[in-house]
Every structure is written in C-alpha cells, then in structure tokens.
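The residues making up each chain are set out below.
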Amino acid sequence: MCEKMNRSLAFLRDKYGCPAGEIVPGNEGFELALPDGSRIPLLPWRVERRFVELKKIIDGKTLEDVSTFRFASFTAGGDSVKSAARELELASFLAGSPVKQLFSVRSGDAACNILARLANGMSASVECGVKLPAGADPMDRHEIIARRGVASDRTVDTQVPQSSIYEWTGSGLQTFTDVDTELFGLPNDQIWIVRAAFAVLMKPELAAEWTKAAASMKRYADAVVRSDSENQPVQL
Amino acid sequence: MKPVKIAMMGMTHGHTRKYYQTLIENQKLDWVASCAADEAAKEVYELYKTGVPCYLDPEKMLSEHPDIEAIVLASANEKHFEEMKFCAERGIHILSMKIPTFDMAEYDKMIEMVEKADIVCQIELEMHYNPVVKRLQQEIASGKLGKLLAVQATNITLSPVWAFPWQGSPEASYGKRVPLAPGDKRFRGGALCDHPHIFDLIRWLTGSDFDTVFAQVAPNLRRELEVEDMLMAAGKLKDGTAFLFDPSWSRLEERLKVPAPGWEVFPKRMEVNLTITGEKGMIQCDCFGPNVYHNGAPNDRYTVQYTYFDEWVGLIDEFVDCIRNHKQPKINLRWHKRTIECMNACYESIQSGKTARV
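Along each chain, residue indices are assigned from 1 in the same order as the chain's sequence is written. In the order they appear in the text, chains get letters beginning with A and ligands get numbers beginning with 1. Since the coordinates come from a predicted model, pLDDT governs what is reported: local features require at least 70, and pairs of side-chain atoms require 80 or more to be given and counted, while whole-chain, interface and lining totals use all residues.

A few words on the overall build of chain B. Across its full length, chain B carries 11 helices and 15 strands. Our radius of gyration looks at C-alpha atoms and nothing else; its globule reference is 2.2 Å times the residue count to the power 0.38. Expected size for 358 residues packed as a compact globule is a radius of gyration near 21 Å; at 20 Å, chain B falls within 12% of this value. Projecting the C-alpha coordinates of chain B onto the three principal axes gives extents of approximately 55 × 45 × 45 Å. Each helix is a run of DSSP H or I of at least 4 residues and each strand a run of E of at least 2, with the numbering of both proceeding from the N terminus.

Our focus in this paragraph is the interface of chain B and chain A. Often, the extent of an interface is quoted as the loss of accessible area on bringing the components together. We call two residues in contact if the C-beta atoms placed from their backbones are at most 7 Å apart. Contacts between the two partners involve 35 residues from chain B and, on the opposite side, 38 residues from chain A. Going through the elements one at a time, helix 6 (131–141), strand 12 (281–286), strand 13 (292–294) and helix 10 (311–325) of chain B are the ones with two or more residues in the side of chain B that touches chain A. Of the residues assigned to the side of chain B that touches chain A, the class counts are 16 nonpolar, 11 polar and 8 charged. Note on pairing: two strands pair once DSSP finds at least 2 bridges between them. Of the pairings in the sheet, the one linking strand 9 (residues 150–152) of chain A to strand 13 of chain B comprises 2 bridges and is antiparallel in character. In the strand pairing of strand 13 of chain B, Ser152 of chain A is matched with Tyr293 of chain B. Just so you know the grouping, Ala, Val, Leu, Ile, Met, Phe, Trp, Tyr, Cys and Pro go in nonpolar, Asp, Glu, Lys and Arg go in charged, and all remaining residues, Gly too, go in polar.

Our focus in this paragraph is the sheet that holds strand 2 (residues 29–36) of chain B. Residues and elements named next belong to chain B. Taken in spatial order, the 6 strands of this open sheet run 3-2-1-4-5-6, and their pairing is parallel. Bordering the open sheet on either side are strand 3 (54–55) and strand 6 (121–123), each of which pairs with just one other strand. Sheet analysis places strand 2 next to strand 3, joined by 2 bridges and oriented parallel. Across the sheet, residue Ser34 finds its bridge partner in strand 3, namely Cys54.

On to the domain arrangement of chain B, then. Residues and elements named next belong to chain B. Where each domain starts and ends follows an automatic or database-derived domain assignment. One can read the domain layout of chain B as domain 1 (4–126 + 313–331) and domain 2 (128–308 + 339–357). Here domain 1 and domain 2 have C-alpha centroids that lie 24 Å from each other. On the domain 2 side, the residues contacting the 20 residues of domain 1 number 17 residues. Contributions of two or more residues to the side of domain 1 that touches domain 2 are made by helix 2 (39–47) and helix 10. Split by residue class, the side of domain 1 that touches domain 2 holds 9 nonpolar, 6 polar and 5 charged.

Pasting the structure below:
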C-alpha cells in the first residue's frame, strides 16, 4: 500500500517540483518521513476536497455565524474512539477553534455519541459506530448549521452518500466515485493520504500545525474514554 | 523539461477564467502574457489579479514577448479563424476553445493551415480529463455492458449570455445569421453551440460515428434571446446505437455581468449525465457529482458547490506533452470535425423538420 502511494507521491513531486519525503505507517495513521529524520503525522481529511470546500464555505462567509456541527461516521470495523477523535479534529479544523469540552456515551467499543463545545462557542455532535458488515462502504455525514445557511456533504432528502457511477450487470450493482484525475486508479482513501503528504511537502509550515493537531486529537480520544467512564463532561 | 511560454488571447470566452490557476501553478508552463479582445474584456481580466500583463494588440504582445510558443484562444467563435491564422503564420501552437468554427470550408482551411505550419492545435474538450469519464470509458471498454444499445446524455447549463454576450449573437457564435426554421424568429447560435461535449463523448465511448440525427427546438425560456436555448436531438450511430441528447440552457441564472457566487437560480448550474444501456447491463453516470451543498450567501438558495473540478489540469498536461514531444492531441481538428458536422446536422434537421444524415 505504501509503495503504491509513494509512487503516486513521486509523480506529484516530479510534476510540481517539490522536495523529497516518503509516506510511512505510524502509530496513529500514516506519517510523512522527511530526509532530516522528522516524521509528520498526516491528516488526510484536511485535504479531502469535500472538507476543503466546506471550509471555504465557512471561511468565505457563505455561511454566516456557524452554530453547530452535526457529524456522523460509521464503518465496518475499526476503533470508534479514534473515529470520534478524528471527527472532532475535523470540526476543530473547520471551525478554526479547538474542542474545549466534551461529553461522551459509549457502547463498548462498538459505538459512541459525543456532544462537544469548541473554544469559540460553537457546538458539535458526533455519532460513530463500527458495526457495518464487513465490506460495506463507510457511511458518513457532515452538516454545518449557521444563522445564515446550512452546508453539507450530503444532498437534501438523502441518507446515504451518492456515487458518480451506478453500474448494473449480472453481478449486481457496482458504484464508483472517482475524484482525482492525476491520481486515477488509487482508492480514494489513499488519494487523500498522498495529497496530504504532498500538501506538507509543498507547504512546510503545515508540519508544525499538523503535529499540534495530531496531539490534540490524541487528547480528544483520551477525553472520550474518560467522559464515558465518569459519566461527566471533560474539560480540555 | 523547459516550460512552455504560453499566452492567452481574446479573454471573452466563458472558460477563460478556468485557465488562470492551471497556467500559474503548472511548472511546465510559463504564462507570460494575455491579449484581450477589447477594453471591457481587459477590465474583467484585471479583476482576477493574475499578475500577467494584458495587451489589446496581439502584435504588440508578441513584440514584447517574442518567445511565446503557444496561445490559448479564449475568444468568441467568430474570431477563431483569424486568430488561428495569426498563430499558424508565426508557428505558434494553439489551444482552441470547443468550437473552432461551424463553417466547414473555413474548418478545412484551419486544418490546412495547422498542418502546413506543423503546429499543435488542440481543441478544448475538457470532459476527456474528468476522472468520472475516465472510469466510464474504462467500464465500457471492459465489455461488462456488452454491446452498447443506447445512450442518453445531458449537457445542460445556465445560459452564459449575460456575462458573455457573444454567445447570444448568431454571428459571433454561429458565424452567420441563419434562421432556425421557416417562421421561427430565432437564429442558430445558442445552447447547441455551447455544448459539443456529449456529441464528442459518444463517439469516444462507442468507437462509432454518427449516421442520422433528428433535432427539435422548444419555446425559449429567455424570450429576449434571438438564439435557441432549449432543444433536444435524437439519432443513430453507424453501429446502431440509439442516442438522445439534451444540450439545452435549461437552468436559469441571475443575469450577472461577471460570473460570481449566486450566478445560479437552479441549484446545479451545470450537469453532464449519461445513461448507457448495453446488452448485458446499464450505467448511470453523473460526471459532476457528488458535491457539497449549501443555502448560504449571497442568495440563500440551495446551491451545489462543485467539489471535484480539475479537468483543466489534464488538458494542459496533454497540450504541453504534445508541444514538447511533437505529438498529435487526442482532440485535434480532424477528430473534432465529425462532432461539428453532427451539430450542423442538428440545425439542418431543425430547419427541415426531417432527419438529417451526418
């Protein structure tokens, strides 16, 4: 997997003339290893295009006075606490403000629900679960509610993600959503990892910002576990 | 590889602004100058603050930048012949907007000029560099659908005429003033002229060519226009594939002078969707979806915010590759000629009320 991603990264580096770096597995996800020996945690959701557009919608004042983030993420397996921490990090990124307090309720490792307050006063709810059947595509939803306008990565009157292509053959229904011509052929989750590594190489100041954000995310995960065990909100 | 010294000319085409980011970011290009068709186009160009100097006289631009190797002709259709001649006479490579000309005698002269000058002339049909189209082509080529039987496709948008008035002028868009049909007060040059993509894609996806076409116009949504804004075309390819195309301006718009947020009235201002039926299966495809959505400023209307839209990156990559490695672009004048012939056949069918052979 890393070899394929690094081949794609090398293609982008060559095309756009950017410095050396390699994608490597880390403890909490993929990292970018730089020639000086440092390793930068990669935050692929920060370069994922739907979230980039949602951030533009907030920062460009298309939405005015954001009040609440309503996020959900359901997967086939994985760690619901880590998923929740990632969703909180995404909310913090979009809001431009860290999480100040959170309250969580968990059902073992299978599911957790969170209410969070950001330092700028905005509110967030996060729903996470890992009990989709093996092989099912992840299901998620990100809705941002403001005094002026609502934005979402899911279209109105739908519950599930849409695809670009629906193909019906004797083998049943197959769907495709291709999002990147330059990296065509890589699975979408790997595309965003490559794009994240490329972003850090093109913009070195992201290294410190993402390292700090990854540390916050770890604190969010610890707080999710603690809040559930104490049945109390946790200050961060 | 030495970056290609590139310029833009005209600056009145609806796609002009889509090049700015790519021309600035692509390391294989050095965007050195622009030349606007008139003061008004120059004023709009300057709103985007590209930092690239803009001239009003192509000769002046070339005298200041004699090393220009290629020019993007971002102009009205009626200007293309003279601009291509200007480039060909100077050995400058050309990236032309999607309609070189509807005048087939002029079209043949373009081919002759380009081939004589041994320059690259690529036609801007950006759908070829769309990742969804790439997947669609791959799935069809895999044979999973079996032999294709039918294709339905939309290429529907808002009308750009308020920002780019030449697109509502029969002379500037179609090249001359030709009535649509006896008794019809409208002229050729509207929505059909803006939407060659689906005519091109079906040839590419099937490997076949047009046989016959029947087209009809509907009452205009915009009464003020003297060109058509609503039409449909149905026909057959030589391999028997049946098609139905909707190339209309069926999505209403705010009448902005410069495209900006809030341009659309209908939430999705541009759609290219295909339905493909084969002997063994079927595909439905949205080339510009899914996206993200909002109902915020400026008009508080539900709006599609296009999310995956980087066709110009691949298009420019191919153009540079063709220039540096002396290759023929996929969409060259000779390939594109049959697409233009089919679009002309649609107008002939509208005029006669009968099927037209392409």
